[in-house]
Each structure stands twice: as C-alpha cells, then as structure tokens.
Amino acid sequence: MRCLGLEGTAHTLGIGIVDDGGRVLANRGEMYRPDVGGIHPREAANHHADRLRPVLRATLREADLQLRDLDLIAFSQGPGLGPSLRTVATAARALSLSLGLPIVGVNHCIAHVEIGRAVTPARDPVLLYLSGGNTQVISHARGRYRVLGETLDIGLGNLLDKVGRTLGFPFPAGPEIERRARGGKELLPLPYSVKGMDVAFSGILTAAQALRAKDASVEDLCFSLQETTFAMVTEVAERAMAHLGKKEILLGGGVACNERLRTMVGAMAKARETRMFVPPKTLCVDNGAMIAWTGILMHNAGLDLAIEETEVHQNMRTDAAEAPWVTEGAEPG
Ligand code: ATP
Ligand code: FE2
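The shown structure was predicted, so the numbers you read here are calculated from the model rather than taken from an experiment.

Participant: Sorry if this is basic, but what is going on with the packing of helix H1 (residues 41-63) against helix H2 (residues 82-99) here?
Facilitator: The description of two packed helices rests on the angle between their axes and on the distance between the axes. Interaxial distance between H1 and H2 falls to 7 Å at its minimum, and their mutual angle equals 30°. Relative to H2, the element H1 lies roughly parallel. Both H1 and H2 take part in a crossing whose hand is right-handed. Judged by residue contacts, Pro 41, Arg 42, Ala 44, Ala 45, His 48, Ala 49, Leu 52 and Leu 56 of H1 engage Pro 83, Ser 84, Thr 87, Val 88, Ala 91 and Leu 95 from H2.

Below, the structure is given as structure tokens:
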C-alpha cells in the first residue's frame, strides 16, 4: 500500500509518499516565507493553493509513480491555522473523490511521533516536540497520545525567531542563533520559567530584548537563550519520562536540528540510562511523509473518514482519539 500525505497546518506545504513498510518514497515541501514580519494565515493558504500542483507533481516524479499507483490519501486535519488547513484539506478531498481512494485525517502532533517511531528504533518514546508554533511533551499512555507538558504562551522556535528579529537575523533565526551561541562566554540572567510540567517563554523574550537594549553581546545573548530554554524543556521532558517510566526520548520539530539541544537532551537520557533518538532533519520539520505514514497506521486501525467527516479542526487535541496501534512498554527495535 502507498499513501500520499498532505501537510498544511502552518507555513509549510509538504507532500510525501510512504509505503506500508514505512519506507519514504518521496518527500517534498515548500515553505511560505513572508517578506517582512510574521506569518499571515491567508497568505500562507494562498501559497499552499498556488504551489500544490507543482509540489504534487515533483513528489510523484521523485517516487517515480503516477496518481493511479496510490492507495490512500492522508491529510493534516489539525491543529493549525484555519486557512492553511482548509486549503490542503480541500485538495485531499478532491484527490480522494477523483481517484476513488479512502481518506484519513491525521493529527499533526501525533504524526511527529509516528515518523520518529518509523525511522528510528524508538518504540514507546516521550516526544519532545519543539517547533515554531508548538512546544509540547507528548507520550502514549493508556491507549492514546497525551500532552504531558506544553508552553503556556509562545512556541520555543517562535521565541528564537522573535529574538532573532530583534538582532536583525533572517527568518527562521534558529540556525543563526545556534551559530552565534558558539561564541558566547557569559550566561546572562534570563527568567527560567518552568511551572509544573509546563514552560513559558514570553518573559524571556522581554528580558532578552531588554538585555539587547543595554548592549549585551549578541554571542552571549544567543548562548544564554539556548542554555536557559533548552534546560527548561529538558527538565520537563525528564520529568515526563520519570512519571511514565519511559526509556526513550524522541526529538521532533525544527528546533530539534539544534546540536546544543541534542547534546543537552542526550546527556539527560544517558544519565537516566535511557536512549535519545532524532529523525533526519527533513522528517523533523513539518513534512508530508509523516502525515502519509500516520495515515497508513490509522487506515490499518479502521480509522478512514467519510467525506462529511473531513472538516478541519484548528484546535484538534492530541488526546482526542485512541491510538490503538502503539504497544506501550515496547522495547527499542
Ligand atoms: P509547526 O507548524 O509544527 O509549529 P513550524 O512551521 O514552526 O512547525 P518547523 O520547521 O518544525 O516549522 O520549525 C521551524 C522552527 O525551527 C523555527 O522557529 C526555526 O527558528 C527553528 N529552527 C530551525 N533550525 C534550528 C536550529 N538549528 N536551532 C534552533 N532552532 C531552529
Ligand atoms: Fe510541526
């Protein structure tokens, strides 16, 4: 079986094809980049509408397949920005109806866990999911995926991008912050706000902007930003592992590309005698392959949708539905 997966929760349009052995046959994406400022939902949706056909064609070419070779259509049903979600869902419906193929609606956050389980040895991990819009600690417990901790305000990547904008870095700022942080020497005081299993970043943004206004060195600021925020998310991830007795930690989202984050989380995992896994970069960021693969798991669990059930859910909850295909307590493969 081959599934076409369409991702469109935010500013990335991703289209991937995965087979039922978990092999990624193609994975293409294009990101809407605003000229100035943040992402405008309507413009992101227009970008996805404009680019859908060329990206679909490139994906099929990469897999050396035709539309008639597909068996299943999967799309990101939520959570995300309404206009982007609706645009990509409309394309998914059109493909399903015109090709006569079953359709499944995938939770974007769960897809980040599932692609990690497919391409790394992780079997029953705690996912530390750090992207622009999302900062969540997710794991499977009693039949479904649950959010154990999350940001109370903005996503970690969004914080990095906002501080980066203050410093004049291009969007997305994460890679440049990582580069400049290597030259940092002094740990500047930034608020460390962990509240139970949750974290908050907006106070750090204000403090970082104030430090910059007082001429703090850019290197020290980037270094301090990474040390403080990565320690915060590592702490909540560790607490989740301890509470649930999980032996694997999986990284996902664009911030997972960061080497310092990997080193910090890796050290925590080692100290607990557990293991850390990180998918390749193209599968850490938003992508269509993760939607396609989760679509196959859901289809096999009998979770196809009728067309009337394919409306998008901007606030789709991670624990809204059972994920019966996961075996809790499974050892790394
Ligand atoms: P989502 O819709 O899931 O919130 P997203 O649209 O933000 O995802 P991703 O590609 O998963 O997209 O993540 C992008 C974020 O990752 C940006 O905020 C970017 O700054 C950050 N990022 C990318 N590379 C690095 C890096 N090396 N270090 C830190 N952050 C990084
Ligand atoms: Fe994402």
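Participant: I keep staring at the layout of surface pockets and nothing clicks. Help me out?
Facilitator: Left-over empty space is what a probe sized like a water molecule reveals as it rolls over the atoms. One number sums up the size of the second largest pocket: a volume of about 300 Å³. What lines the second largest pocket is a set of 18 residues, and nearest its centre among them are Gly 105, Asn 107, Met 298, Met 316 and Ala 321. At the level of elements, strand E5 (103-107) and helix H10 (288-300) are the ones that each hand at least two residues to the lining of the second largest pocket. For the lining of the second largest pocket, the residue count by class is 10 nonpolar, 5 polar and 3 charged.

Participant: Please clarify how the sheet that holds strand E3 (residues 24-31) should be interpreted in this entry.
Facilitator: The pairing of strands in a sheet happens through backbone hydrogen bonds and is either parallel or antiparallel. Taken in spatial order, the 5 strands line up as E3-E2-E1-E4-E5 in an open sheet, and their pairing is mixed. Every other strand in the sheet has two partners, leaving E3 and E5 as the edge strands with one partner each. Along the sheet, successive strands turn relative to each other by an average axial angle of 20°, direction set aside. Looking at chain direction, strand E1 (residues 2-7) and strand E2 (residues 12-19) are connected through 6 bridges and run antiparallel. Within the sheet, the bridge partner assigned to Arg 2 lies in E2 and is Asp 19. Contacts from H2 reach E1, E2, strand E4 (72-78) and E5, with the element oriented near 160° to E4. Contacting E1, E4 and E5, helix H3 (residues 108-119) runs over the sheet at an angle of about 90° to E5.

Participant: What is the right way to look at the coordination of the iron ion (ligand 2) in this model?
Facilitator: Where a metal carries four tetrahedral donors, each ideal angle is 109.5 degrees; where it carries six octahedral donors, the ideal angles are 90 or 180 degrees. Bound to the iron ion (ligand 2) on the protein side are His 108 (NE2), His 112 (NE2), Tyr 129 (OH) and Asp 286 (OD), at distances that span 2.1 to 2.3 Å. Sequence positions of the donors to the iron ion (ligand 2) reduce to the motif H-x3-H-x16-Y-x156-D. Of this pair, His 108 and His 112 both sit in helix H3, 4 residues apart, which is roughly one turn of the helix. By relative accessible area, which is 2% here, His 108 ends up buried.

Participant: Is there a simple way to think about the site of ligand 1 in this case?
Facilitator: Around ligand 1, the structure places 23 residues, and the nearest of them are Tyr 129, Ser 131, Gly 132, Gly 133 and Asp 161. Between an oxygen atom of ligand 1 and a side-chain N or O atom of His 11, the distance comes to 3.4 Å. In the model, an oxygen atom of ligand 1 is placed 2.8 Å from a nitrogen or oxygen of the Gly 133 main chain. Relative to its free-state accessible area of 640 Å², ligand 1 is covered by the protein chains to the extent of 91%. Contributions of two or more residues to the shell around ligand 1 are made by helix H4 (156-166) and helix H5 (174-181). Counting residues domain by domain, the shell around ligand 1 receives three or more from each of domain 1 (2-113 + 283-320) and domain 2 (123-278).

Participant: Help me out: how do you make sense of the pairing of strand E7 (residues 135-141) in this one?
Facilitator: The two faces of a sheet get side chains in turn, since along a regular strand they alternate between them. Buried residues dominate E7, accounting for 7 of its 7 residues. Side chains Thr 135, Val 137, Ser 139 and Ala 141 project from E7 onto one buried face, and the interleaved Gln 136, Ile 138 and His 140 project onto a second face that is buried too. Strand direction decides the pairing type here: strand E6 (residues 126-130) and E7, joined by 5 bridges, are antiparallel. Paired with Leu 128 across the strands is Val 137, a residue of E7. Taking the residues between adjacent antiparallel strands as the criterion, E6 and E7 are bridged by 4 residues. Bridge analysis of E7 against strand E8 (residues 144-150) gives 6 bridges, and the strand direction is antiparallel. Bridging from a neighbouring strand, Val 137 pairs with Gly 149 of E8. The hairpin turn running from E7 into E8, its antiparallel successor, is 2 residues long, and Arg 142 in that turn takes a positive phi close to 45°.

Participant: Before we go on, may I ask you to explain the domain arrangement of the protein chain in this structure?
Facilitator: Many analyses report the size of an interface as the accessible area lost when the parts associate. In terms of domain boundaries, the protein chain breaks down into domain 1 (2-113 + 283-320) and domain 2 (123-278). Once you take the C-alpha centre of each, domain 1 and domain 2 turn out to be 27 Å apart. Note on domain 1 versus domain 2: buried area summed over both sides is about 1400 Å², and carbon and sulfur give 70% of it. On the domain 1 side of the contact with domain 2, Val 113, Cys 284 and Thr 318 bury the most area, a combined 39% of that side's loss. If you look at where domain 1 meets domain 2, you find 0 salt bridges. In this assembly, domain 1 and domain 2 are joined by 6 residue pairs in polar contact (both at pLDDT 80 or more). For the side of domain 1 that touches domain 2, the element with the highest residue contribution is H3, accounting for 5 residues. Of the residues belonging to the side of domain 1 that touches domain 2, the class tally is 7 nonpolar, 6 polar and 3 charged.

Cut-offs applied
Residues numbered from 1 in each chain as written. Chains lettered and ligands numbered in written order. Predicted model: local features only at pLDDT ≥ 70, side-chain atom pairs only at ≥ 80, totals over all residues. Heavy atoms only, no water. Axes fitted to C-alpha atoms, helices over the stretch in contact; angles between N-to-C directions. Helix = DSSP H or I, 4+ residues; strand = E, 2+ residues; numbered from the N terminus. Parallel < 35°, antiparallel > 145°, perpendicular 65-115°, else oblique. Left-handed = near helix turned anticlockwise from the far one by under 90°. Contact = heavy atoms within 4.5 Å. 1 Å grid on protein atoms, 1.4 Å probe; cavity = no way out; pocket = protein on both sides within 12 Å on 5 of 7 lines; lining within 4 Å. Points joined across faces, edges and corners; volume = space filled by probe spheres on them. Nonpolar A, V, L, I, M, F, W, Y, C, P; charged D, E, K, R; others polar. Pairing = 2+ DSSP bridges. Donors = N, O, S within 2.8 Å, 3.2 Å for Na, K, Ca; no water. Buried < 20%, exposed > 50% of the residue type's maximum accessible area, 1.4 Å probe, protein only. Near = heavy atom within 4 Å. Polar contact = N/O pair within 3.5 Å; in protein donor to acceptor, adjacent residues only side chain to side chain. Areas by Shrake-Rupley, 256 points an atom, 1.4 Å probe, with all protein chains shown as cover. Domains from an automatic or database assignment. Buried area = accessible area lost by both parts, 1.4 Å probe. Salt bridge = Lys/Arg side-chain N within 4 Å of Asp/Glu carboxyl O.

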